[in-house]
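Analysis of the macromolecular model
So the chains spell out like this:
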Amino acid sequence: MGGKSSQHKGRAGELELAELLRQYGYEIKPGSPLNYGKEPDLSGLPGVHIEVKRVERLNIGQAMQQALRDAERFQDGAAAVFHRRNRQPWLVTMRLEDWVKMRSSV
């Protein structure tokens, strides 16, 4: 999958995840289309920086490094990679220490 279709799939994934999170009651706002990292993929999940990956082959280490860099830059919470493959459910990957901190503050 090349450039534009990959970008389209990524954007579609962001909008799909935003709608799912809204169904859970969160006020999620997608970033601008093709913002090229100038703003988060999605915002509105308190204490969590959302990095969205809608791909068949995900290098989770690279994705988490991107999420960590962006979470630091945007100062919007713990880095979390929300990802899914075709015909699969959404998954969330984050560092254990961040997940434990979030759970202990509930």
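Predicted, not measured: the structure shown is a model, and the values here were computed from it.

The next subject is the pairing of strand S4 (residues 78–84). Taking burial as the measure, the seven residues of S4 include seven buried ones, the bulk of the element. Burial along S4 is two-sided: Ala-78, Ala-80, Phe-82 and Arg-84 and Ala-79, Val-81 and His-83, pointing in opposite directions, are all buried. With helix H2 (residues 60–74) bridging strand S3 (residues 48–54) and its parallel neighbour S4, the resulting β-α-β unit is right-handed. Sheet topology note: the S4/strand S5 (residues 91–94) ladder contains four bridges and is antiparallel.

Positive phi is not limited to glycine here, since Gln-75 has a value of about 50°. Even without a glycine there, the phi angle at Arg-87 is positive, about 55°. A residue is classified by how much of its surface remains accessible, and Arg-87, at 75% relative accessible area, is exposed.

For H2, built from 15 residues, the straight-helix expectation of 21 Å at 1.5 Å per residue is met to within 8% by its first-to-last C-alpha distance of 20 Å. By the burial criterion, the buried members of H2 are Ala-63, Met-64, Ala-67, Asp-70 and Ala-71. The buried side chains of H2 occupy one side of the element, clustering within an arc of 130° when seen end-on. Among the exposed residues of H2, those pointing more than 90 degrees away from its buried face are Gln-62, Arg-69 and Glu-72. Lining the buried residues of H2 we find S3, S4 and S5. The backbone nitrogen of Gly-61 lies 3.2 Å from a side-chain oxygen of the residue at the head of H2, namely Asn-59. Taken from the residues just after H2, Gln-75 is the one with a positive phi, measuring 50°.

Before going further, it helps to spend a moment on the environment of Met-94. Structurally, Met-94 can be placed in strand S5. A sequence separation of 25 residues divides Met-94 from Arg-69, and the C-alpha atoms of the two residues are 13 Å apart.

Cut-off values and rules
Residues numbered from 1 in each chain as written. Predicted model: local features only at pLDDT ≥ 70, side-chain atom pairs only at ≥ 80, totals over all residues. Heavy atoms only, no water. Buried < 20%, exposed > 50% of the residue type's maximum accessible area, 1.4 Å probe, protein only. Helix = DSSP H or I, 4+ residues; strand = E, 2+ residues; numbered from the N terminus. Right-handed = clockwise from strand over helix to strand, strands pointing away. Pairing = 2+ DSSP bridges. Expected span 1.5 Å × (residues − 1). Arc of directions from axis to C-beta. Contact = heavy atoms within 4.5 Å. Polar contact = N/O pair within 3.5 Å; in protein donor to acceptor, adjacent residues only side chain to side chain.

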